[in-house]
Amino acid sequence: MTTDVSWRTMIAPYLKPDSRLALAQLLTTLLPFLAVMGLLLVALDHGYWIALLLLPVGAVLVVRLFMFQHDCGHGSFFAPRWANDALGLVLGVLTLTPYTAWRAAHAVHHANTGNLDRRGIGDVNTLTVAEYRALSRWRRVGYRLYRHPAVLFGLGPVWLFVIKNRIPFGHPARRWREWVSVLGTNAALLALVAILFVTLGPVAVLVGWLPMMVMAATIGVWLFYIQHQFEHTYWENRPEWDFRSAALEGASFYDLPRVLHWMTGNIGFHHIHHLSSRIPNYRLRACHEANPAFQVAPRLTFWSSLRCARLALWDTDQRRLVPFSRSRTA
């Protein structure tokens, strides 16, 4: 069992950002993304089938850019804070995600992952078996619809990135930074879409850019889901809740092929990320491989992760996520 002192010592060599590595990541992702967008628009003039082949390539690059924005939000991509915030604001327009507002909600997620008493902000809504049983019939139907894969990974990404991210939340006087973030991103996004409409036409937006963004959003939602929604995850009430246990037991190691780790900005090493969000994405693998104590995290492969889509309720007695069919016998 590692102590707080020992795990902090283990992660210390990986905390310092390297602006050269970050810039190399950015250039080798942003430039191909712009090239793919150009090719996509050209392909639309020669037939939709050619363009369809480019959509997933562009979507993957958007996901990778989002992971850089994610690092910026944690102040870990570049060394200077101003550089992280400047890049995060720009990438927020490309990823349909208001940077400052998302950063605030995501910080709450990191502070409360696995805490049954602090659910509801920046996470996938999850009920216990007892809570589900206590619901009225129609509220059960609503929760079942919410947790259905067609909603979570079909309608959900569109709702989150296209609609919800456009709406400021909270009191405008107390959360003025979040309001400015959302409304500013909306204005920049509106200008970008208007330019695309005028210069390239509605077909380029509706058949090229928009489907690519929806595809990227779907990949992103799946990654976020699988990082915490697996059978033997971690949920605990206070005061038993423990930060380190929530990281190493409640965040998965998504053991993907190396090329998929590249595409997803190494976010599959999510247990390391939750142990310390200050570790840049380009140092997560090294930290994981150098420390056997961190390799005890729940491991999921791509194929085993697919089974997690049916999980929906936390069984406090068995301490595992279970499907709805188990709610009657739990």
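Residues numbered from 1 in each chain as written. Predicted model: local features only at pLDDT ≥ 70, side-chain atom pairs only at ≥ 80, totals over all residues. Heavy atoms only, no water.

*Asks:* Help me out: how do you make sense of the overall build of the chain in this one?
*Replies:* Along its length, the chain carries 15 helices and 5 strands. Compactness check: the chain gives a C-alpha radius of gyration of 20 Å against a globular reference of 20 Å for 330 residues, within 12% of the reference. Expressed along its principal axes, the backbone C-alpha trace of the chain runs to roughly 60 × 50 × 45 Å. Here the chain, with 330 residues, has 49% of them falling under the buried criterion. Contacts spanning at least 24 positions in sequence make up 67% of the contacts within the chain whose residues lie at least 6 apart. Accessible surface, the chain as shown: approximately 16,400 Å² in total, 67% of it carbon and sulfur. Both charge centroids of the chain, one from 32 positive and one from 18 negative side chains, sit 4 Å from each other. (Helix = DSSP H or I, 4+ residues; strand = E, 2+ residues; numbered from the N terminus. Rg over C-alpha atoms; globule rule 2.2 N^0.38 Å. Buried < 20%, exposed > 50% of the residue type's maximum accessible area, 1.4 Å probe, protein only. Contact = heavy atoms within 4.5 Å. Areas by Shrake-Rupley, 256 points an atom, 1.4 Å probe, with all protein chains shown as cover. Lys, Arg positive; Asp, Glu negative; His and termini not counted. Charge placed at Lys NZ, Arg CZ, Asp CG, Glu CD.)

*Asks:* What is the right way to look at the pattern of salt bridges in this model?
*Replies:* Side-chain pairs of opposite charge can arise where the charged atoms are in close proximity. All told, the structure shown has 9 salt bridges when counted by the stated rule. Here R81 ties to D85 by a salt bridge, and the two come within 3.6 Å at their closest N and O atoms. Here R81 and its partner D85 are both found in helix 4 (residues 81–94), 4 residues apart, which amounts to about one turn of the helix. Residue classification places R81 among the exposed residues on the basis of a relative accessible area of 63%. Of the charged contacts, one joins D85 and R103 as a salt bridge, the two residues approaching to 3.0 Å between their closest N and O atoms. Linking D85 in helix 4 with R103 in helix 5 (residues 99–112), this pair joins segments that are 18 residues apart in sequence. Overall, R103 belongs to the partly exposed group, its relative accessible area being 22%. (Salt bridge = Lys/Arg side-chain N within 4 Å of Asp/Glu carboxyl O.)

*Asks:* Whenever I open this one, the packing of aromatic side chains confuses me. Can you help?
*Replies:* What the rule picks out here adds up to 14 aromatic pairs. Measuring from centroid to centroid gives 5.0 Å for F77 and F78, while their planes differ by 70°, and the two rings are edge-to-face. When its relative accessible area of 0% is taken as the criterion, F77 is described as buried. You can call F78 buried: its relative accessible area is 10%. Geometrically, the ring pair formed by F253 and F269 is stacked, given 5.2 Å between the ring centres and 25° between the ring planes. Taken together, the residues F253 in strand 2 (residues 253–254) and F269 in the loop between helix 12 (258–263) and helix 13 (270–275) connect sequence positions 16 residues apart. Here F253 and F269 have matching classes, each one buried. Through a chain of ring-to-ring contacts, three or more aromatic side chains come together here, namely F68, F77, F78 and Y282. (Phe/Tyr/Trp six-rings, centres within 6.5 Å; stacked < 30°, edge-to-face > 60°.)

*Asks:* How should the sheet that holds strand 5 (residues 320–322) be read in this particular structure?
*Replies:* Strand pairing in a sheet takes place through backbone hydrogen bonds and is either antiparallel or parallel in direction. Here we have 3 strands laid out as an open sheet, ordered 1-4-5, and mixed in their pairing. Taken across any chain shown, the strands that pair with only one partner, and hence form the sheet edges, are strand 1 (127–128) and strand 5. Of the strand pairs in this sheet, strand 1 and strand 4 (residues 313–315) are connected by 2 bridges, and their pairing is parallel. Across the sheet, L127 pairs through a bridge with L313, a residue of strand 4. (Pairing = 2+ DSSP bridges.)

*Asks:* Even after reading the chapter, I still don't get the nonpolar core, so can you show me in this structure?
*Replies:* The biggest cluster of nonpolar side chains holds 61 residues, and the ones touching the most others in it are F77, W209, M212 and Y225. With sequence-adjacent residues up to four places away left out, Y225 is seen in contact with V124, R147, L152, F153, C308, A309 and L311. In terms of nonpolar packing, the next biggest core, distinct from the first, is built from 15 residues, I11, Y14, F253 and I272 among them. (Core = buried A, V, L, I, M, F, W, Y, C linked by side-chain atoms within 4.5 Å.)

*Asks:* What should I look at first to understand helix 11 (residues 243–250) in this one?
*Replies:* Note that an α-helix has 3.6 residues per turn; residues three or four places apart therefore point the same way. Among the 8 residues of helix 11, 6 are classified as buried, and the element is accordingly described as predominantly covered. Burial in helix 11 covers these residues: R244, S245, A246, A247, L248 and G250. Its side-chain oxygen at 3.3 Å from the backbone nitrogen of R244, D242 defines the N-terminal cap of helix 11. (Polar contact = N/O pair within 3.5 Å; in protein donor to acceptor, adjacent residues only side chain to side chain.)

*Asks:* Before we go on, may I ask you to explain the environment of S245 in this structure?
*Replies:* Within the fold, S245 resides in helix 11. S245 gets classed as buried once you look at its relative accessible area, which sits at 15%. For the pair S245 and Y234, spaced 11 residues apart in sequence, the C-alpha to C-alpha distance is 7.6 Å. Once you skip the residues sitting within four places of it in the chain, S245 turns out to touch Y234 and G250.

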